Amino acid sequence: MNAEQAEIELLDALIEQRKYLSRQSFWEYCKTRAPDFYIDGRTHLEKICETLQSLYEGRLLNGDGVPYENMIMNIPPRHGKSRTLIHFCEWVLGDRQQNRIITASYNEDLATVFSRYTRDGISEEKEGFFT
């Protein structure tokens, strides 16, 4: 095996590891999709990702130990909520295509854009890294 083949095999192994981590952890998925935005140290983004994953997996429990089914995020503008929720929809639909997602918004244009970004992100994945 020459050096070029070894480098290709190493790169393939790293890509497979990244795919595996992205399937297991929503935070890792976000870091894979947008590594320039989801940077270690941006704890608010990591907390949003962990909370959404816990809600999805039924691990976000109320005081009686019953899993929450709904969640409202009240976070200031420009903190990555919409971007993270678009990635969350992609991640959830990648886990189970039978999942259903409803977008509620104060503005029809915002809901339409949200849907389009989610749809475009899923299409991009089919053609690229996550095939």
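The structure we're discussing is the one just above.
Presented here is a report on the structure given in the accompanying data block.

Thresholds applied
Residues numbered from 1 in each chain as written. Predicted model: local features only at pLDDT ≥ 70, side-chain atom pairs only at ≥ 80, totals over all residues. Heavy atoms only, no water. Helix = DSSP H or I, 4+ residues; strand = E, 2+ residues; numbered from the N terminus. Polar contact = N/O pair within 3.5 Å; in protein donor to acceptor, adjacent residues only side chain to side chain. Core = buried A, V, L, I, M, F, W, Y, C linked by side-chain atoms within 4.5 Å. Buried < 20%, exposed > 50% of the residue type's maximum accessible area, 1.4 Å probe, protein only. Contact = heavy atoms within 4.5 Å. Expected span 1.5 Å × (residues − 1). Disulfide = S-S within 2.5 Å. Salt bridge = Lys/Arg side-chain N within 4 Å of Asp/Glu carboxyl O. Phe/Tyr/Trp six-rings, centres within 6.5 Å; stacked < 30°, edge-to-face > 60°.

Another point: the side chain of T32. By the element assignment, T32 lies in helix α2 (residues 26-33). Among the polar contacts listed, one links the side chain of T32 to the side chain of S22, at a separation of 2.8 Å. Among the polar contacts listed, one links the side chain of T32 to the backbone oxygen of E28, at a separation of 2.9 Å.

Attention now moves to the nonpolar core. Counting residues in each nonpolar core, the largest one holds 13 residues, and the members touching the most others are F26, Y38, C49, F88 and W91. Counting only elements with at least two residues in this core, the list comes to α2, α3 (43-57) and α4 (81-95). Beyond its immediate chain neighbours, meaning those up to four positions away, F26 contacts C49, L52, Q53, T84, H87, F88 and W91.

This part covers α3. One turn of the α-helix equals 3.6 residues, which is why residues spaced by three or four share an orientation. In this model α3 runs 21 Å from its N-terminal to its C-terminal C-alpha over 15 residues, within 8% of the 21 Å that 1.5 Å per residue would give. Inspection of α3 places L45, I48, C49, L52, Q53, S54 and L55 among the buried residues, and these make up the whole buried set. Tucked inside the fold, the buried residues of α3 contact α1 (3-24), α2 and α4.

As a further point, take the state of the cysteines. Under the counting rule described, the total for this entry stands at zero disulfides. Here C49 stays free of any disulfide, with the sulfur of C30 as its closest cysteine sulfur at 3.8 Å. Since its relative accessible area comes to 0%, C49 is described here as buried. In this model C89 remains outside any disulfide bridge; the closest cysteine sulfur is found in C30, 11 Å from its own.

Here F37 is to be found in the loop between α2 and α3. It is 23 Å that separates the C-alpha atoms of F37 and L55, two residues lying 18 residues apart in sequence. For F37, the contacting residues outside a window of four places in its chain are R42, L45, G80 and R83.

As a further point, take the pattern of salt bridges. One pass over the structure, following the stated rule, counts six salt bridges. A salt bridge links E28 to R18; the nearest nitrogen and oxygen atoms lie 2.6 Å apart. Of this pair, E28 sits in helix α2 while R18 sits in helix α1, and the two are 10 residues apart along the sequence. On the basis of relative accessibility, which here comes to 24%, the residue R18 falls in the partly exposed class. Note that D40 and K31 form a salt bridge whose closest N and O atoms lie 3.3 Å from each other. Take D40: its relative accessible area is 54%, and that puts it in the exposed class.

This brings us to the packing of aromatic side chains. The description of an aromatic ring pair uses the distance of the two centres, along with the angle that the planes make with each other. Under the criterion given, the structure shown has seven aromatic pairs. Note on W27 and Y38: the rings are 6.1 Å apart at their centroids and 80 degrees apart in plane angle, and the pair reads as edge-to-face. Of this pair, W27 sits in helix α2 while Y38 sits in the loop between α2 and α3, and the two are 11 residues apart along the sequence. When its relative accessible area of 2% is taken as the criterion, Y38 is described as buried. Residues Y56 and W91 carry aromatic rings whose centres are separated by 5.8 Å and whose planes lie at 65 degrees to one another, so their mutual orientation is edge-to-face. With a gap of 35 residues between them, Y56 in helix α3 and W91 in helix α4 connect regions that are remote in the sequence.

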